[in-house]
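# Breakdown of the fold
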Amino acid sequence: MSLATPLKPTSGPAVSGRLAAGLSFVQLNNGLWRITRADGSVLGYIDAPVDVAGARFSAKRLRSDRRSFFMMGDFRSFDEALECLRFS
């Protein structure tokens, strides 16, 4: 018997075509997405809280020198968080 809890089904992030070009989105858990480039390199992560009114989307990157996350900021939409990761 497996004790793993399945993920709640969620829709993919609603992202404009201009921002999504050349990027892949992988859902890691109910509220965390890994953003990768076409070559497979990880651009960053977006934390999108589930079922929270007025939710904020947090963009973060993994710091290779300390094995910790660097918070890029909190945003009102998934698009804004993605834009921060893509153009910073």
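It should be noted that the structure appears before, not after, this text.
Report follows, based on the coordinates. (Residues numbered from 1 in each chain as written. Predicted model: local features only at pLDDT ≥ 70, side-chain atom pairs only at ≥ 80, totals over all residues. Heavy atoms only, no water.)

Relative to strand E3 (residues 42-47), strand E2 (residues 32-37) is paired through five bridges, and the arrangement is antiparallel. Looking at the pairing, Thr 36 lines up with Val 42 of E3. Relative to strand E4 (residues 57-63), E3 is paired through three bridges, and the arrangement is antiparallel. Of the residues in E4, the one forming a bridge with Ile 46 is Ala 59. (Pairing = 2+ DSSP bridges. Helix = DSSP H or I, 4+ residues; strand = E, 2+ residues; numbered from the N terminus.)

Attention now goes to the sheet that holds strand E5 (residues 68-75). Backbone-to-backbone hydrogen bonds join strands into a sheet, with any given pair of strands oriented parallel or antiparallel. Read across the sheet, five strands follow the order E1-E2-E3-E4-E5 without closing on themselves; strand pairing throughout is antiparallel. One side of each edge strand has no neighbouring strand; the edge strands of this open sheet are strand E1 (23-29) and E5. On average, each strand axis in the sheet is tilted by 25 degrees relative to the strand beside it, whichever way the strands run. As paired strands, E4 and E5 are joined by seven bridges and run antiparallel to one another. Across the sheet, the residue bridging to Phe 57 is Phe 75, located in E5. (Axes fitted to C-alpha atoms, helices over the stretch in contact; angles between N-to-C directions.)

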